[in-house]
Amino acid sequence: MALCAKKRPPEEERRARANDREYNEKFQYASNCIKTSKYNILTFLPVNLFEQFQEVANTYFLFLLILQLIPQVSSLSWFTTIVPLVLVLAITAVKDATDDYFRHKSDNQVNNRQSQVLINGSLQQEQWMNVCVGDIIKLENNQFVAVREVALQGNKSLPLFLADRNEETNMKVRQAIPVTSELGDISRLAKFDGEVVCEPPNNKLDRFSGTLYWKESKFPLSNQNTLLRGCVLRNTEWCFGLVVFAGPDTKLMQNSGRTKFKRTSIDRLMNTLVLWIFGFLVCMGVILAIGNAIWEHEVGTRFQAYLPWDEAVDSAFFSGFLSFWSYIIILNTVVPISLYVSVEVIRLGHSYFINWDKKMFCVKRRTPAEARTTTLNEELGQVEYVFSDKTGTLTQNIMVFNKCSISGRSYGDVFDVLGHKAELGERPEPVDFSFNPLADKKFLFWDPTLLEAVKMGDPHTHEFFRLLSLCHTVMSEEKNEGELYYKAQSPDEGALVTAARNFGFVFRSRTPKTITVYEMGIAVTYQLLAILDFNNIRKRMSVIVRNPEGRIRLYCKGADTILLDRLHPSTQELLSTTTDHLNEYAGEGLRTLVLAYKDLDEEYYGEWAQRRLQASLAQDSREDRLASVYEEVESDMVLLGATAIEDKLQQGVPETIALLTLANIKIWVLTGDKQETAVNIGYSCKMLTDDMTEVFVVTGHTVLEVREELRWPMGAFPLPRKAREKMMDSPYAVGNGLPCPEKCSSAKLTSVLEAVAGEYALVINGHSLAHALEADMELEFLETACACKAVICCRVTPLQKAQVVELVKKHKKAVTLAIGDGANDVSMIKTAHIGVGISGQEGIQAVLASDYSFSQFKFLQRLLLVHGRWSYLRMCKFLCYFFYKNFAFTMVHFWFGFFCGFSAQTVYDQYFITLYNIVYTSLPVLAMGVFDQDVPEQRSMEYPKLYEPGQLNLLFNKREFFICIAQGIYTSVLMFFIPYGVFAEATRDDGTQLADYQSFAVTVATSLVIVVNWAGHGSWTAINHFFIWGSLAVYFASPLPCTFRLCNAQNTLAQPTVWLTITLTTVVCIMPVVAFRFLKLSLKPDLSDTVRYSQLVRKKQKAQHRCLRRVGRTGSRRSGYAFSHQEGFGELIMSGKNMRLSSLALAGFATRSSSSWIESLRRKKSDSASSPGGGADKPLRG
């Protein structure tokens, strides 16, 4: 993304003085103007033409046009080249102008948004593009933040909640610094002259370090005091902020990768082939030029009397030189410019098919699929790696209280009269919460025994829900009597507090020192003594409260891996039962938390509170001191139970992942969420299973630790064996069930690792990934990751997402696809070969940066396996057909040169040459490129192995190209020499000689049109029949103003000998093709042939339904803990500045093993593949 800013030297620190534009302007900070457009009215024509002529083909045809303007060289009129060239340039220019118009429109919409800026003592409306560093701006509730700013003041000193558009729908807390929160009215803000000195612009979203200098004092600034561009202000009516970063310097823009022009592998191959064809063209021109020079020297000199040379020609050599350029013009149709027009038309048709696909239309959101580009459709059929965001992409980001374990009893399952667990569709009505007037009507729970336990006054159940109603940082708002609205920092907390609310323990309100809960209709106010805040290291949070009777109790909730080690020994029996429940919940992919409590006596609490106060005032190691104090009190706790929350997957995610996996597509999840959250989702969507040989977890904080963990699965797996050695020692390391030899050749090491990909998974954290992506370790990381079936990267920044994608692109040479729904996915989407945006709840920035967009992840399978596969198949068939028909057309001129004295005389007349690719043969090949299908869409989904030829690039490559050329040359030989041999002896009906130039030309042209319209089609449909017979009808019926056709064609085509010649030529050209296809289908059919045959066999049988069954998992216990919470709320609540009254597994996809030719080619490709980075001979060090 380009922005309106000049390139500046790198900053060492950022200085911004409030209300002093003159001071800030001397630093030449970037403005807040965004520019994504490329042209304006004055620059469009020259810049666009310059860009278009950077294409090799356009420059080539411009060169030919110049040659045709030279009379001594050209044997064709200039219009044969300029008409197609102008047509191509005009179509491309209109397309580019349309695209840039929408970019201008989007830029104007963003830059012209209004902000309230404090200028000269008063608030004035200012456009976003005119906001500068050092300005004080006013934000109002639900308003987007236009810049990165430091919060100075909010109304009534309320906390500033941000619905972060860049990450999730979870709200992030921000707070004005205390010294400025009391500035009061606008007049005092206008006099504010504080100066912020902070770090230079960077891409770290979770860090900010700065200092405010004001009134000869220094005040520290942290990330909690800043507002991020792209976020939305919540929970406060207004706030004032000081602009620190604008435009490209904001965190959002720092994490946005550069917009890259994306080209498909077929485009790159076509550019190479064009150069090869040009070389072939030059060789033919040289051969014919040499022939002309020899002919003129040996023969032509004898006919100077009535065939004199032109005035400029003074020798046979110079005649040959001019003949060379003449033949370059005549033979240029080996690469006709209509090829590029046809490619764009086909791609446009494929894009419309995606837009019109009703099966990719989301009825709920009324959102269709959209192809936002027309240049990448065939690349959708070659994807090998999919990089996916998690929240909002795989999941709905909707948390539901699903199950719980209280005092050794599990609640949440429903059993029938026989004691069997009821499935979802067999369950009775949900629990009736009508007894509770404050219940949330949207909350559903299916097990009535839990509500019965609450109503019967079970003390453990009451204490369980009392903990959930007290131990949190949720804010409550009651707009009308009895209508409670919870504002939670995370949807996890919202789900837990809502569950407690429905079961009779309603969190009603809070003050800095109290929490009011309605327990079974009775208001109870607890004194809030302390909040032991959550962070990613502690993985737990606690509150200490005093109840109305004066008893002090600590309530704690957190990860099972943490809390179970802090329980009192007396809870051992309950611990064993609860652990079994946790295993069950984790096996179902639920997010678990363990709940515990501890009673504190008054004396102990007083001493502990004093130690906590001293730790909070420490100048150094404050966090470590507080953690130590917290650790002390959070010990010897009494176990209450556990909760299990379901982060609902989007519909069809497990089936989609299973289907893509069967298509040999590897899926990597790159998410900003915690490890536990991402791993649980991995199990829910069946990316991870307990059947895997091992799941490697990398969490190292240093380079050495990460390097060791990439080799040694420390922490998660105690066996002291290196990760890749484990893979190599596996009995399934090599296909066909054969063990890997002890001494594998280094050249085959990467392919051996690829062969074991189905048994392993890799999980790596963001701080570890930062080291793994360093130059000296990236190959080691990539080799291990690519050998795994699933890869999950947690806590990664947007830039790291892009770096992972770039790493795979660079070393694997595979087509990558990135899919996400938020602004934090934009960089990844831009970096991948193909970017897909999910139009969900996270705004539209991902959609705007994407190449394709739709509303649900499940549509990805149809985009790739149906539209992508068809687009690749059609484009490959089109290119093969197109090169074949043009070589067959052009090479006739080459053979004719040997029989016309190398005089650069054309076989066909000029109008036929002009219209051959535009009219006579364009529609059949276009119809095949737009409509052709080898198998129906249902079979493409049913047989995912059909996708593999695109990944292996089998249908159009250099080998296929040379086969097409050979077939075209073969056709041209027959097309020329059969009529030439017949006409040498043939006579007309009246006995006169048939062999004249015009009759020969009409016969060859007619045979050519018939052969190329018939030979390229592998199947015959109504569409094919229409366009083939229609093109032939146009050829025979069109009254063209040609030089000789009208006067001679009818007479020539009336001769039986001519038609016999055309028939013979057509049969001899087509029969070998038909015979080859028949033998291939009979002796060595590919998978699509087999599928078509099976379809015919089963045509009259009833379609079989796919079977979906629930798959349970057993195995060693893993933590199901996941809690998307954030540190900082506890301190904020206690400060008093925040008071104001949210699976199925695929079993029966009917897949057939791919034919042996695909597998053999895959093995051949793997055997010849070098390790990433070119180190084919470098063995992996175990």
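Bear in mind the structure is a predicted one, so any value in this text is a computation, not a measurement.

A. Molecular detail of the pairing of strand β19 (residues 483–487). Here β19 shows a clear split, with L484 and Y486 buried on one side and none of E483, Y485 and K487 buried on the other. Where strand β18 (residues 475–480) and β19 come together, five bridges link them in antiparallel fashion. Bridge assignment links S476 to a residue of β19, and that residue is Y486. Hairpin connection from β18 to β19: two residues lie between these consecutive antiparallel strands, with G482 at a positive phi of about 85°.

B. Representation of the sheet that holds strand β17 (residues 409–411). Strand order in the open sheet formed by nine strands is β17-β16-β26-β25-β24-β23-β22-β21-β20, with antiparallel pairing between adjacent strands. Looking along the sheet, the strands with just one partner apiece sit at the ends: β17 and β20 (505–510). Strand-to-strand twist of the sheet, defined as the mean angle between neighbouring strand axes without regard to direction, takes the value 30°. Bridge count for strand β23 (residues 540–546) against strand β24 (residues 552–558) is seven bridges, and the pairing is antiparallel. Among the inter-strand pairings, S542 is bridged to a residue of β24, identified as C556. Along the sheet face, helix α15 (residues 602–616) touches β22 (522–532), β23, β24 and β25 (591–600) and points at about 45° away from the line of β22.

C. Molecular detail of helix α33 (residues 997–1015). Compared with an ideal rise of 1.5 Å per residue, which puts 19 residues at 27 Å, α33 spans 27 Å between its outermost C-alpha atoms and is within 8% of the ideal. When you tally the buried positions in α33, you get 16 out of 19 residues, the bulk of the element. Capping the start of α33, D996 holds a side-chain oxygen 3.1 Å from the backbone nitrogen of Q998, two or three residues further along.

D. Structural detail: the packing of aromatic side chains. All told, the structure shown has 59 aromatic pairs when counted by the stated rule. When the centroid spacing of 5.8 Å and the interplanar angle of 35° are considered together, the rings of F401 and F445 count as tilted. Taken together, the residues span a long stretch of sequence, with F401 in strand β16 (residues 395–406) and F445 in the loop between β17 and α10 (448–455) at a distance of 44 residues. Of the residues examined, F401 reaches a relative accessible area of 2% and is grouped as buried. Overall, the relative accessible area of 2% leaves F445 in the buried class. Taken together, the ring pairs in this structure connect F894, W895, F896, F898, F899, F902, F976, F977, Y980, F983, Y997 and F1000 into an aromatic cluster. Against the face of Y23 rests R17, its NZ or CZ located 3.8 Å from the ring centre.

E. Expanded view of the nonpolar core. Core analysis: the largest hydrophobic core is formed by 97 residues, its most contacted members being L339, F878, L879, Y908, F912 and L1008. Broken down by element, this core gets its largest block of residues, 18 residues, from helix α27 (residues 859–897). Excluding its chain neighbours within four sequence positions, the residues that come into contact with Y908 are F889, V892, H893, I913, V1004, A1005 and L1008. One finds V386, V815, I838 and Y947 within the second-largest nonpolar core, a separate group that totals 52 residues.

F. Spatial organisation of the side chain of K138. You can see K138 is positioned in strand β4 (residues 136–140). Here K138 occupies a buried position and makes no salt bridge, while the nearest side chain of opposite charge, E140, is found at 4.2 Å. Residues within four places of K138 in sequence aside, it is in contact with Q116, L123, Q143, W238, C239 and F240.

G. Molecular detail of the sheet that holds strand β9 (residues 210–214). The strand order across the open sheet formed by four strands is β1-β8-β9-β10, and the pairing between neighbours is antiparallel. In this open sheet, the two edge strands, each paired with only one partner strand, are β1 (14–17) and β10 (217–221). The mean angle between the axes of side-by-side strands here comes to 20°, regardless of whether they run parallel or antiparallel. Across five bridges, the pairing between β9 and β10 is antiparallel. Across the sheet, W214 pairs through a bridge with S217, a residue of β10.

Procedures and definitions
Residues numbered from 1 in each chain as written. Predicted model: local features only at pLDDT ≥ 70, side-chain atom pairs only at ≥ 80, totals over all residues. Heavy atoms only, no water. Buried < 20%, exposed > 50% of the residue type's maximum accessible area, 1.4 Å probe, protein only. Helix = DSSP H or I, 4+ residues; strand = E, 2+ residues; numbered from the N terminus. Pairing = 2+ DSSP bridges. Axes fitted to C-alpha atoms, helices over the stretch in contact; angles between N-to-C directions. Contact = heavy atoms within 4.5 Å. Expected span 1.5 Å × (residues − 1). Polar contact = N/O pair within 3.5 Å; in protein donor to acceptor, adjacent residues only side chain to side chain. Phe/Tyr/Trp six-rings, centres within 6.5 Å; stacked < 30°, edge-to-face > 60°. Lys NZ or Arg CZ within 6 Å of the ring centre and 35° of its normal. Core = buried A, V, L, I, M, F, W, Y, C linked by side-chain atoms within 4.5 Å. Lys, Arg positive; Asp, Glu negative; His and termini not counted. Salt bridge = Lys/Arg side-chain N within 4 Å of Asp/Glu carboxyl O.

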